[in-house]
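# Structure at a glance
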Amino acid sequence: MFSGFELTGQSIAFFLISLFVIACGVLLLNLKKVIYSALAIGGVFIGVAAIYIMLEAEFLAFTQILVYAGAITIMLLFAIMLTRHDEIEMQTSITAHPVWSALGVIGLGGLILYVIKFSGIRWPEPLRESPFQGQDNVKMIGESLFSQYVIPFELVSVVLIVAVVGAITLANKEEN
Amino acid sequence: MLSVEQFLTLAAILFSIGLYGALTKRNIIIVLVSIELMLNAVNINLLTFARYGLMPAISGQVFTLFAMTIAAAEVAVGLAILIALYRNRNTSDVRDQDLMKW
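Keep in mind that this is a model prediction, so the values were computed, not measured. (Residues numbered from 1 in each chain as written. Chains lettered and ligands numbered in written order. Predicted model: local features only at pLDDT ≥ 70, side-chain atom pairs only at ≥ 80, totals over all residues. Heavy atoms only, no water.)

## Thoughts on the overall build of chain B
Note the threshold: Helix and strand definitions here come from DSSP, where helices need a minimum of 4 consecutive H or I residues and strands a minimum of 2 consecutive E residues; each element is numbered from the N-terminal end. We compute the radius of gyration over the C-alpha atoms and compare it with the globule rule, which gives 2.2 Å times the number of residues raised to the power 0.38. Buried, partly exposed and exposed residues are distinguished by accessible area as a fraction of the type maximum, computed with a 1.4 Å probe on protein chains only: under 20%, between the cut-offs, and over 50%, respectively. The contact rule is simple, with two residues in contact once any of their heavy atoms fall within 4.5 Å. Method for areas: the Shrake-Rupley scheme with a 1.4 Å probe, in which residue coverage is limited to the protein chains shown.
Of the regular secondary structure elements, chain B holds three helices and zero strands. Ordered by position from N to C terminus, the α and β elements of chain B give α-α-α. Compactness check: chain B gives a C-alpha radius of gyration of 17 Å against a globular reference of 13 Å for 102 residues, more than 25% above the reference. Here the C-alpha coordinates of chain B stretch approximately 50 × 25 × 25 Å along the principal axes. Counting across all 102 residues of chain B, residues that qualify as buried make up 65%. Pairs at least 24 residues apart make up 57% of the contacts formed inside chain B by residues separated by at least 6 positions. Total accessible area on chain B is roughly 4000 Å²; 68% of this is exposed by carbon and sulfur atoms.

Shown next as structure tokens:
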């Protein structure tokens with residue numbers, strides 16, 4: 001499937017993690033109870049964090065575990081518990097809608113895979129040694145964030161505070 | 001040695017799973033979760049090109065950090081809207097959320 005494929009520890013780990021992530025994703029779609037789906041998405045987030053470590057983004061991997069696998073999954077569980085969580089996703093009668101969605105998604109996925117593999121694009125050869133060798137990942141991100149990207153950083157903090165205030169306003173029960 | 005294609009393929013598969021979930025699932029929370037799955041797939045692509053791209057740089061990681069922040073804000077607002085909708089209409093089914101349907 002992949003040209004120039006070598007069976008190294010790294011590639012075995014990559015395939016196991018990919019298998020885990022995709023299996024959790026499929027489970028997310030197929031599980032009947034909503035609460036189990038939320039647990040499956042936790043598995044996806046942890047697997048993606050492992051992929052980040054393979055891509056030498058250690059800081060982002062741990063941010064992923066903290067923010068996604070920690071905060072967002074727990075928040076989703078809270079939301080499920082606050083709404084009607086005992087309802088079971090009904091087996092939809094065969095209607096046209098899921099079939100067309102599946103066809104569209106398979107078409108799009110096939111197109112992306114075609115572009116990745118068979119369209120003749122020469123992807124850059126992977127570097128044997130890391131381009132970030134010997135440098136502290138967190139330090140590099142911090143230096144970049146506070147020199148080159150300081151204005152986007154401030155704007156993102158504004159977006160975050162607006163989102164949190166907006167969330168409180170929306171979810172707050174009106175007293176009249 | 002891992003190649004760019006492998007990471008891109010994984011991201012494409014994850015994106016497709018997320019898109020299918022967002023289009024077909026009926027519970028609004030699962031739709032939100034599927035959108036998160038798509039965002040994660042995009043983040044994998046960004047990090048792949050930050051590491052294995054033609055010009056490896058830390059900028060891809062910084063951009064992923066921003067994307068994660070915006071995703072967290074999106075989930076917070078989305079769940080707040082969900083709670084408000086559930087309070088008013090007593091359902092978490094996407095097909096019942098037709099208040100703004102023309």
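More follows now that the structure is in view.
## Brief notes about the overall build of chain A
The helix and strand inventory of chain A stands at six helices and zero strands. Listing the helices and strands of chain A from first to last along the sequence gives α-α-α-α-α-α. In chain A, buried positions account for 33% of the 176 residues. Pairs at least 24 residues apart make up 56% of the contacts formed inside chain A by residues separated by at least 6 positions. As displayed, chain A offers around 11000 Å² of accessible surface, 71% of which is attributable to carbon and sulfur atoms.

## With respect to the nonpolar core
What counts, and what does not: Think of a nonpolar core as a cluster: buried Ala, Val, Leu, Ile, Met, Phe, Trp, Tyr and Cys residues, connected wherever their side-chain atoms sit within 4.5 Å.
By size, the foremost hydrophobic cluster in this structure holds 62 residues, and its most contacted members are Ile41(A), Val44(A), Ile51(A), Leu14(B) and Ile44(B). Among the secondary structure elements, those contributing two or more residues to this core are helix H1 (9-30), helix H2 (34-54), helix H3 (58-82) and helix H5 (137-147) of chain A together with helix H1 (4-24), helix H2 (28-52) and helix H3 (59-89) of chain B. No other element matches H2(A), which puts eleven residues into this core. Those residues in contact with Ile51(A) that lie beyond four places of it in its chain are Phe14(A), Ile17(A), Ser18(A), Phe7(B), Leu10(B) and Ile44(B).

## Structural notes on the pattern of salt bridges
Using the following cut-off: Here, a salt bridge means any side-chain nitrogen of Lys or Arg that lies within 4 Å of a carboxyl oxygen of Asp or Glu.
On inspection of all chains with the given rule, the structure shows two salt bridges over all chains. As a salt-bridge pair, Glu56(A) and Arg51(B) come within 3.0 Å of each other at their nearest N and O atoms. Linking Glu56(A) in the loop between H2 and H3 with Arg51(B) in helix H2, this pair reaches from one chain into another. Look at Arg51(B) and you get buried, because its relative accessible area is 2%. The shortest N-O distance in the salt bridge between Glu5(B) and Lys117(A) comes to 4.0 Å.

## Structural notes on the environment of Ala163(A)
Within the fold, Ala163(A) resides in helix H6 (residues 150-171). Non-local contacts of Ala163(A), meaning those with residues more than four positions away in its chain, are made with Ala73(B) and Val77(B).

## Digging into the interface of chain B and chain A
Accessible area lost upon the coming together of the parts is a frequently used measure of interface size. Basically, it comes down to this: Defined in terms of a 1.4 Å probe, buried area is the accessible area two parts forfeit on being brought together, summed over both. The term polar contact refers here to a pair of N or O atoms within 3.5 Å; inside protein, the definition further demands a hydrogen-donor-capable atom paired with an acceptor-capable atom, and it admits residues adjacent in sequence only when both atoms are side-chain atoms. Polarity classes work like this: nonpolar for Ala, Val, Leu, Ile, Met, Phe, Trp, Tyr, Cys and Pro, charged for Asp, Glu, Lys and Arg, and polar for all others, with Gly in that last group.
On the side of chain A, 83 residues touch chain B, which itself brings 68 residues to the contact. Taken over both partners, the interface formed by chain B and chain A buries close to 7200 Å², and the fraction arising from carbon and sulfur atoms is 76%. Between the two partners, chain B and chain A, sit two salt bridges. Put simply, chain B and chain A have eight residue pairs in polar contact (both at pLDDT 80 or more) between them. At the level of secondary structure, the elements contributing two or more residues to the side of chain B that touches chain A comprise H1, H2 and H3 of chain B. Ranked by the residues each element gives to the side of chain B that touches chain A, the list is headed by H3(B), at 23 residues. Looking at side-chain class alone, the side of chain B that touches chain A contains 45 nonpolar, 17 polar and six charged residues.

## Some words on unusual backbone geometry
Even without glycine at this site, Glu56(A) takes up a positive phi of about 60°. Overall, the relative accessible area of 21% leaves Glu56(A) in the partly exposed class.

## Section: the packing of aromatic side chains
Centre distance and the angle of the planes are the two values used to describe a pair of aromatic rings. Note the threshold: Each aromatic pair joins two rings of Phe, Tyr and Trp (for Trp, the six-membered one) with centres within 6.5 Å, and gets the label stacked for planes under 30 degrees apart, edge-to-face for over 60, and tilted for any other angle.
What the rule picks out here adds up to five aromatic pairs over all chains. Their ring planes at 70° and their centres at 4.9 Å tell us that Phe146(A) and Phe153(A) sit as a pair that is edge-to-face. Classification of Phe146(A) as exposed rests on a relative accessible area of 52%. For the ring pair Phe7(B) and Tyr52(B), a centre distance of 5.7 Å and an interplane angle of 25° mean the geometry is stacked.

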